[in-house]
Amino acid sequence: MQLKSKAQRTPWACVAAAMGMFTVLHAVPATAQGTRGTVENATFTSAISGGAPTDFRQAFDNTTPVVYYYAEILGLGGQTVTHRWTLEGKIMQAVPIAVKRARQAVWSKSAMRPEWTGDWTVEIVNARGEVIETDNFAFNPPE
């Protein structure tokens, strides 16, 4: 191997040599290492205030205009997760959510229609297409 003289080095090589930067180290995010991620504190709510659910519900009457799904995502910083809302097995919407931190509160909402009664499911799907959480709520006429 032939070494270049100082005059033959590129300016960046000189800067790197002067700073001792021969090896660049960086942290590999957990998502690159293959974690599937986890979910904590998942709940349905009638509203979000200050980044937190205002109540914790498993049933709503069909006069409710909006239902929110809230969850804390762990171990998926740098990925996008999807909240997949289904009614009786039919996908009604899929909401992509960017996760920027190792632990992040996320939520999505569905504008509801009175005729959309029945059993609803929301799945949280990671970037690899794996369902990492499934929760259900009922949307029915008032009793």
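In this report, we go over the structure that sits alongside the text. The model shown is predicted, which means the values in this text are computed figures rather than measured ones.

**Section: unusual backbone geometry**
Now for step 1: Positive phi is not limited to glycine here, since asparagine 41 has a value of about 55°.
Now for step 2: With a phi close to 50°, glutamate 88 is a non-glycine residue in the positive phi region.
Now for step 3: Take glutamate 88: it is sitting in the loop between strand 6 (80-87) and strand 7 (90-98).

**Some thoughts on the environment of aspartate 55**
Now for step 1: Mapped onto the fold, aspartate 55 is located in the loop between strand 3 (52-53) and strand 4 (59-61).
Now for step 2: Placed 12 residues apart in sequence, aspartate 55 and threonine 43 show a C-alpha to C-alpha distance of 8.8 Å.
Now for step 3: Not counting residues up to four positions away in its chain, the partners in contact with aspartate 55 are Phe44, Thr45, Ser46 and Ala47.
Now for step 4: A distance of 2.6 Å separates the side chain of aspartate 55 from the side chain of threonine 45, its partner in a polar contact.
Now for step 5: A polar contact of 2.7 Å, which involves the side chain of aspartate 55, links it to the side chain of serine 46.

**Description of the nonpolar core**
Now for step 1: Of all hydrophobic cores here, the largest spans 22 residues; its most connected members are Ile73, Trp120, Ile124 and Phe137.
Now for step 2: Secondary-structure elements contributing two or more residues to this core are strand 1 (38-45), strand 5 (66-74), strand 6, strand 9 (118-125) and strand 10 (131-140).
Now for step 3: At 4 residues, the largest contribution of residues to this core is made by strand 5.
Now for step 4: With residues up to four places along the chain from it excluded, the contact list for isoleucine 124 reads Val39, Tyr69, Ala71, Ile73, Val81, Thr82, His83, Glu130, Val131, Ile132 and Glu133.

**A word on the pattern of salt bridges**
Now for step 1: The final tally for this structure, using the stated rule, is 5 salt bridges.
Now for step 2: When the shortest N-O distance is used, the salt bridge between arginine 103 and glutamate 40 registers 2.8 Å. Of this pair, arginine 103 sits in strand 8 (residues 103-111) while glutamate 40 is found in strand 1, placing the two residues 63 residues apart along the sequence.
Now for step 3: Looking at glutamate 40, the relative accessible area reads 34%, which means it is partly exposed.
Now for step 4: Note that glutamate 123 is salt-bridged to arginine 84, the shortest N-O span being 2.8 Å. Remark: arginine 84 occurs in strand 6 and glutamate 123 occurs in strand 9; sequence separation between them is 39 residues.

**Thoughts on the sheet that holds strand 1**
Now for step 1: Spatial strand order, 1-5-8: 3 strands in an open sheet with antiparallel pairing. Two strands close off the open sheet at either side, each with one partner strand: strand 1 and strand 8. Direction aside, neighbouring strands of the sheet carry axes that sit 15° apart on average.

**Here we look at the sheet that holds strand 10**
Now for step 1: In spatial order, the strands read 4-10-9-6-7; together these 5 strands make up an open sheet with mixed pairing. Strands at the two margins of the open sheet, each flanked by one partner only, are strand 4 and strand 7. Between one strand axis and the next, the sheet turns through 20° on average, direction left out of account.
Now for step 2: Sheet analysis places strand 9 next to strand 10, joined by 8 bridges and oriented antiparallel. Within strand 10, the position partnered with valine 122 by the bridge is aspartate 135.

The rules behind the values
- Residues numbered from 1 in each chain as written.
- Predicted model: local features only at pLDDT ≥ 70, side-chain atom pairs only at ≥ 80, totals over all residues.
- Heavy atoms only, no water.
- Helix = DSSP H or I, 4+ residues; strand = E, 2+ residues; numbered from the N terminus.
- Contact = heavy atoms within 4.5 Å.
- Polar contact = N/O pair within 3.5 Å; in protein donor to acceptor, adjacent residues only side chain to side chain.
- Core = buried A, V, L, I, M, F, W, Y, C linked by side-chain atoms within 4.5 Å.
- Buried < 20%, exposed > 50% of the residue type's maximum accessible area, 1.4 Å probe, protein only.
- Salt bridge = Lys/Arg side-chain N within 4 Å of Asp/Glu carboxyl O.
- Pairing = 2+ DSSP bridges.
- Axes fitted to C-alpha atoms, helices over the stretch in contact; angles between N-to-C directions.

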